[in-house]
Structures are given as structure tokens and as C-alpha cells.
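Chain by chain, the residues run as shown.
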Amino acid sequence: MEFGIFILMQQRGYHQSSAEVLDCAVEQTVLADQAGFDNAWYAEHHFSNYGLGASPLMMVAHMAGLTKRIRLGTGVCILPMYSPARLLSEIGFADTLSKGRLDLGVGSGYQKFEFDRFGVDIAEAPAIFHEFLDILRLGLTERAFSYAGKHLRMPLTSISMRTLQTPMPPIWITSANAQTQARAIREGHNLFVTALLNGPQRLQEIRDQLAGVAAGEGRSIDDCRFAMLRCAYASDNAAEIDSYLDSARYSRRISEALKYRRAQSDDGFLVREEPSPNDLSFEQMRANLPVGSVNQVVDKMLAEISILKPKHIAIQTQIGDFDHRTMMRQIELWGSRIIPDIQKALGVAAPRAAA
């Protein structure tokens with residue numbers, strides 16, 4: 001079982017500057033490396049305060065020089081917004097700078113206003129995404145390649161900066177679409193799933209879908225590698241947990257507003273936070289999520305692992321405007337107590353923190 005941190009780099013209001021948000025992401029990654037986490041993941045978003053990480057690969061390249069052992073992942077690169085030739089070159093560059101520590105997460109995107117500003121029709125995003133997957137495989141494994149698809153075309157091309165990982169860095173695909181999940185399993189890629197703020201019932205539904213998709217490909221889902229993105233927080237201080245849950249609910253509200261085209265903004269950047277018809281109360285979130293005392297979080301995580309059986313869990317750390325120093329202590333707590341206790345219960349050796 002591997003553990004990572006997942007960083008959205010959110011700016012809940014102008015009481016946070018963009019530079020402060022970036023500094024917090026850097027500090028949390030450095031500490032996660034020291035605390036023994038396996039991965040750090042960086043989201044990609046544009047043109048709003050929902051996420052300031054416009055280039056996950058730039059973040060990977062930057063953090064490569066500030067960390068020693070933690071793997072650095074894009075969570076995720078929105079493929080239809082990229083030029084294939086440039087992305088392939090930057091993948092090779094980031095993997096080389098990180099000494100082969102890149103995990104390449106990719107997705108098709110869902111926020112229409114982002115696509116509008118990149119000049120891409122969001123209705124065509126799924127088809128572009130699948131053609132892009134073809135190009136990634138060719139460009140990362142072949143010395144020279146060409147491609148002619150409906151949406152993407154490349155003449156005979158060689159990528160000069162090759163990845164250190166061969167034949168290519170691990171690819172992680174985020175999608176709830178069964179056909180896309182089937183392709184990931186068929187081609188040996190990894191999957192990233194999330195139950196959002198829902199509880200064990202949703203985890204079971206995800207498990208059943210993945211098992212069915214894998215069976216359709218003649219595989220067992222237990223032989224496939226997939227990760228779960230999760231909000232989780234350990235504390236004996238109820239107010240501290242409520243603050244984390246408030247940031248988690250804020251993040252979900254803004255994501256839904258952007259996804260369902262109901263986002264409102266007074267200045268074209270800060271998305272106005274408004275209650276959602278899908279809002280959960282703090283009591284519901286406490287029941288659904290691994291939050292509570294250390295022992296409660298460990299027990300809840302073990303119960304969730306027994307249902308979903310992921311190979312990797314990414315904990316959301318930088319969400320909303322949750323206090324950075326408090327989150328730093330939380331990362332240390334996961335490294336020193338929670339992850340070792342979970343690993344021990346699972347019968348595996350706990351990761352060693354960096355010296």
C-alpha cells in the first residue's frame with residue numbers, strides 16, 4: 001500500500017496570495033518527502049481560484065530539485081489542452097530532471113470555460129483524449145513516429161529528451177467512464193478513482209464497476225493498479241476537523257459549480273461559493289470520511305481499503321484555505337503514526353522517512 005498527498009493549490013479568497021499558495025504546496029511536498037510519503041500529486045486547473053496549478057509538469061520539475069525520494073505526479077494533465085509535441089518533450093524533461101520519479105497522470109477535463117479559453121470544443125475532448133493516448137505511447141516508446149488521427153496529426157517526429165523510465169513513465173488515467181477504464185486496463189495503465197465525499201456504499205459501487213470492467217477485459221481487478229483520492233484528517237480537536245471538512249465541502253461546491261456551468265464570479269476569477277443541492281452536513285461527512293482520532297482514522301482507512309482494495313491512496317492536503325501550519329503537522333502525523341499503523345495492520349513494512 002502506497003500513500004501520497006494530493007495538492008489542488010486552491011485560493012479561497014484574496015486573503016491568500018497566489019505566491020503564498022505556491023509556497024505552501026512546495027513546503028508540503030518537501031515535508032511529505034521527509035515524512036515517508038510515496039507520492040506527491042499536482043492538479044491542473046486554469047483561469048479561476050479553484051486551482052492555481054496551471055502546469056503540473058513545471059511543478060514536478062521544480063520539486064525534483066527540492067526532494068530526494070518521493071515520486072512526483074501530474075494529477076492530472078488535461079490532454080486535450082496540450083500540443084502533443086510540446087507535452088512529449090516536457091514529459092521527457094520532467095522525468096529526466098526528477099531522475100525517473102515522474103508519474104504521468106492524464107485526463108480529458110470537465111470545465112468548459114477552461115476549454116473555451118484554449119480554443120478546444122469540450123464535446124470533442126473524449127475523442128481527442130483517446131488519440132492523445134495513442135500519441136503518448138508512440139512518442140515515449142519509439143525513437144521516431146508519425147500519427148494521423150481525426151483530431152491530432154504529427155509528421156515523422158523524434159522527441160529529443162527521452163524519459164529515464166523505460167519504456168515510459170507510469171501512466172495514471174482518471175475517468176469514471178467504463179470504456180476509458182477498460183482501455184487503461186487493456187493497455188496496462190493505472191487508474192485514479194474518487195468517491196468524493198461519499199462513504200462505503202460509494203466505494204463498493206466503484207469496486208464493483210472496476211471489477212466488471214476488468215472482467216470484460218479478461219482480467220482481475222486485483223491484478224490491476226489503481227489509486228483512490230480521499231479526504232482524510234486525524235485530530236482530537238473537533239473544531240480542527242470541522243475546519244478541514246469546511247474546506248473539503250468548499251472544494252466540492254466550487255468543482256460542481258464549474259462542472260455544471262453554474263459558477264458565478266464577481267470579478268471573473270474568484271468563483272462565488274454557494275450551497276449546492278448535493279451538499280453534505282458535517283455530521284454526514286464525519287460518518288462518510290476517515291476523520292476523527294488517529295485510531296478512528298486508521299480503522300476507517302482499513303475498512304475502506306478492505307472494500308475498494310486500492311494499491312495507492314492520495315490524501316488531499318491543500319484544499320480551501322485550511323491553515324497551512326496545521327496541515328504541516330498533519331502530514332507529519334500521517335508519516336509518523338497513521339501510515340505505519342495502517343501498514344502494520346496490512347502486514348507490510350512501513351516506508352522509511354528520508355534522512
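The structure under discussion appears in the preceding block.
Residues numbered from 1 in each chain as written. Predicted model: local features only at pLDDT ≥ 70, side-chain atom pairs only at ≥ 80, totals over all residues. Heavy atoms only, no water.

1. Quick notes on the overall build of the chain
Of the regular secondary structure elements, the chain holds 11 helices and 12 strands. Based on the C-alpha atoms only, the size of the chain along its principal axes is roughly 60 × 50 × 40 Å. Each of the 355 residues in the chain was classed as buried or not, and the buried ones make up 55%. Sequence-distant contacts in the chain: of pairs separated by 6 or more residues, those separated by 24 or more amount to 74%. As presented, the chain carries roughly 15,000 Å² of accessible surface, and 51% of it is formed by carbon and sulfur atoms. Looking at the chain, you have 37 positive and 40 negative side-chain charges, and the mean spots of the two groups are 5 Å apart. (Helix = DSSP H or I, 4+ residues; strand = E, 2+ residues; numbered from the N terminus. Buried < 20%, exposed > 50% of the residue type's maximum accessible area, 1.4 Å probe, protein only. Contact = heavy atoms within 4.5 Å. Areas by Shrake-Rupley, 256 points an atom, 1.4 Å probe, with all protein chains shown as cover. Lys, Arg positive; Asp, Glu negative; His and termini not counted. Charge placed at Lys NZ, Arg CZ, Asp CG, Glu CD.)

2. Points about the environment of His-15
As for its placement among the helices and strands, His-15 is situated in the loop between strand E1 (2–7) and helix H1 (18–35). Separated by 306 residues in the primary sequence, His-15 and Asp-321 have C-alpha atoms spaced 9.1 Å apart. Not counting chain neighbours up to four residues away, the residues in contact with His-15 comprise Glu-20 and Asp-321. Here Asp-321 takes part through its side chain, which lies 3.0 Å from a polar atom of the side chain of His-15. (Polar contact = N/O pair within 3.5 Å; in protein donor to acceptor, adjacent residues only side chain to side chain.)

3. Overview of the sheet that holds strand E4 (residues 102–107)
Read once around its circumference, the closed barrel built from 8 strands follows the order E1-E2-E3-E4-E7-E8-E9-E12, with strand pairing classed as parallel. Across the sheet, the mean angle separating the axes of adjacent strands is 25 degrees when strand polarity is ignored. As judged from the 3 bridges shared by strand E7 (residues 171–174) and strand E8 (residues 190–194), these two strands associate in the parallel manner. Each residue of the ladder has a partner; that of Ile-173, found in E8, is Leu-191. Along the sheet face, helix H5 (residues 125–141) touches E4 and E7 and points at about 155 degrees away from the line of E4. Seen against the sheet, helix H11 (residues 324–346) touches E1 and strand E12 (312–318) and runs at an angle of roughly 160 degrees to E1. (Pairing = 2+ DSSP bridges. Axes fitted to C-alpha atoms, helices over the stretch in contact; angles between N-to-C directions.)

4. Description of the layout of surface pockets
Taken as a whole, the largest pocket spans an internal volume of roughly 1,300 Å³. What lines the largest pocket is a set of 47 residues, and nearest its centre among them are Tyr-110, Thr-174, Thr-194, Leu-196 and Lys-259. Ranked by the residues each element gives to the lining of the largest pocket, the list is headed by helix H8 (residues 238–259), at 5 residues. Residue classes in the lining of the largest pocket are distributed as 22 nonpolar, 18 polar and 7 charged. As a volume, the second largest pocket reaches approximately 230 Å³. Considering the residues around the second largest pocket, the lining is formed by 14 residues, among which Phe-113, Arg-117, Leu-258, Ala-263 and Val-271 are closest to the centre. Sorting the residues of the lining of the second largest pocket by element identifies helix H4 (112–118) and H8 as the ones contributing at least two each. A total of 3 residues in the lining of the second largest pocket trace back to one element, the largest contributor, which is H4. Partitioned by chemical class, the residues of the lining of the second largest pocket number 7 nonpolar, 3 polar and 4 charged. (1 Å grid on protein atoms, 1.4 Å probe; cavity = no way out; pocket = protein on both sides within 12 Å on 5 of 7 lines; lining within 4 Å. Points joined across faces, edges and corners; volume = space filled by probe spheres on them. Nonpolar A, V, L, I, M, F, W, Y, C, P; charged D, E, K, R; others polar.)

5. Digging into the pairing of strand E3 (residues 71–78)
Within a regular beta strand, the side chains point alternately toward one face of the sheet and then the other, so they alternate between its two faces. A large share of E3 lies buried, amounting to 7 of its 8 residues. With 4 bridges joining them, strand E2 (residues 39–42) and E3 adopt parallel strand pairing. Counterpart to Ala-40 in the pairing with E3 is Leu-72. Chirality of the crossover, the property in question, places the unit of E2, helix H2 (residues 56–64) and E3 among those that are right-handed. Bridge count between E3 and E4: 5 bridges; the pairing is parallel. Residue Ile-78 lies in a different strand from E4, and its bridge partner there is Gly-107. Considered for its hand, the β-α-β crossover made up of E3, helix H3 (residues 84–97) and E4 is right-handed. (Right-handed = clockwise from strand over helix to strand, strands pointing away.)

6. Let's talk about the state of the cysteines
On inspection of all chains with the given rule, the structure shows 0 disulfides. Distance from the sulfur of Cys-24, which forms no disulfide, to the nearest cysteine sulfur (Cys-231) is 17 Å. You can call Cys-24 buried: its relative accessible area is 17%. (Disulfide = S-S within 2.5 Å.)

These results come straight from atomic positions and should not be treated as a statement about function.
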